[in-house]
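# Coordinate analysis (summary)
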Amino acid sequence: MSLVDSVSKAIQTKIDELDKQVEAEQKEAEHQMAEAENEKAKADVQSDIKKNIEDLQSQIDDAKQQLAEVKDASEERLEHLKQAFTGS
């Protein structure tokens, strides 16, 4: 597997993990909203979940941008990306 393929795969894996986290946050929000006893509690839940999902979406956007950069990246940049996404 080439370095480009390896880095692309690592980044795509991270994107997939973050997408799953977004789905989990949305399910948790639905659960918490169903259990919230008053409007204030519901508003707090919505605010917290919205922030968490926005943070995850930002991470997904960053990873997608890095994935797009892989095609034209230098070997040095590829090594940096590989280390960032795989720890190796």
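Residues numbered from 1 in each chain as written. Predicted model: local features only at pLDDT ≥ 70, side-chain atom pairs only at ≥ 80, totals over all residues. Heavy atoms only, no water.

## A word on the environment of Lys82
Residue placement: Lys82 occurs in helix α3 (residues 75-86). Put simply, Lys82 and Glu23 are 59 residues apart on the chain and 26 Å apart in space, counted from C-alpha to C-alpha. Beyond its immediate sequence surroundings of up to four residues, Lys82 is in contact with Leu3, Ser6, Val7, Gly87 and Ser88. (Helix = DSSP H or I, 4+ residues; strand = E, 2+ residues; numbered from the N terminus. Contact = heavy atoms within 4.5 Å.)

## Quick look at helix α1 (residues 3-35)
At 3.6 residues per turn, the α-helix brings residues three or four places apart onto the same side. For α1, which comprises 33 residues, the first-to-last C-alpha distance of 48 Å matches the rise-based estimate of 48 Å (1.5 Å per residue) to within 8%. Among the residues of α1, those classed as buried are Leu3, Ser6, Val7, Ser8, Ala10, Ile11, Ile15, Leu18, Val22 and Ala29. In this structure, the buried residues of α1 make contact with α2 (39-70) and α3. (Expected span 1.5 Å × (residues − 1). Buried < 20%, exposed > 50% of the residue type's maximum accessible area, 1.4 Å probe, protein only.)

Nothing here speaks to function; it is all geometry.
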